[in-house]
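A look at the structure
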Amino acid sequence: MLQQISASELVLMKIIWKNGGGALYSYIMEELEKEENSWKKNTVLTLLSRLVSKKYLRIKKIGRRNEYIALVKENEYKAEQTHSFVDTVYEGNVKGLVSTLLQQDIISSDELKEIERFWAGEND
């Protein structure tokens, strides 16, 4: 089971995943600037260090630079978080989740039909 990560740590993981699973510190900082995120160098280094200690990342030395390599794939993270959410909030009742999604107009009936077709194998 994966350790929980903070919203800030997730921001960094998304940057690394988007870059194919590895990114230099300088690239991460550039992407944060594009998102108008003004975290300081020490903040980013602390978050990256936490992700390494939580086994989400490993460091690959390239000369004097560090490349951060994802040890957890994005789809693995999403699957784990989804299971955890359904277990915690809905006590494992997936029907309850789907019911809430429909009742709150988070998912439309057309989207539900599309999902049903997908699972029936009609997506070819």
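Residues numbered from 1 in each chain as written. Predicted model: local features only at pLDDT ≥ 70, side-chain atom pairs only at ≥ 80, totals over all residues. Heavy atoms only, no water.

Two quantities define a packed helix pair, namely the angle between the helix axes and the distance between the axes. Contact geometry of helix H2 (residues 25–34) with helix H3 (residues 41–53) gives a least axis separation of 11 Å together with a crossing angle of 120°. With respect to their mutual orientation, H2 and H3 come out oblique. In the crossing of H2 with H3, the sense of the turn from one axis to the other is right-handed. Listed contacts from H3 to Tyr25, Ile28, Met29 and Leu32 of H2 are Lys41, Val44, Leu45 and Leu48. (Axes fitted to C-alpha atoms, helices over the stretch in contact; angles between N-to-C directions. Helix = DSSP H or I, 4+ residues; strand = E, 2+ residues; numbered from the N terminus. Parallel < 35°, antiparallel > 145°, perpendicular 65-115°, else oblique. Left-handed = near helix turned anticlockwise from the far one by under 90°. Contact = heavy atoms within 4.5 Å.)

A separate point is the packing of helix H1 (residues 7–18) against H3. It is at 10 Å that the axes of H1 and H3 come closest, and there the two elements cross at 80°. Relative to H3, the element H1 lies roughly perpendicular. The segment H1 lies against H3, with Ser8, Glu9, Leu12, Met13 and Ile16 engaging Val44, Leu47, Leu48, Arg50 and Leu51. For the contact of H1 with H3, the residue count by class is seven nonpolar, one polar and two charged. (Nonpolar A, V, L, I, M, F, W, Y, C, P; charged D, E, K, R; others polar.)

Within the largest apolar cluster, 21 residues are counted, with the highest numbers of intra-cluster contacts made by Leu12, Met13, Ile28, Val44 and Leu48. Sort the elements by how many residues they give to this core and H1 lands first, with six residues. Excluding anything up to four places from it in sequence, Val44 contacts Leu12, Tyr25, Ile28, Met29, Leu32 and Trp39. (Core = buried A, V, L, I, M, F, W, Y, C linked by side-chain atoms within 4.5 Å. Buried < 20%, exposed > 50% of the residue type's maximum accessible area, 1.4 Å probe, protein only.)

Shape is all these values report; function is a separate question.
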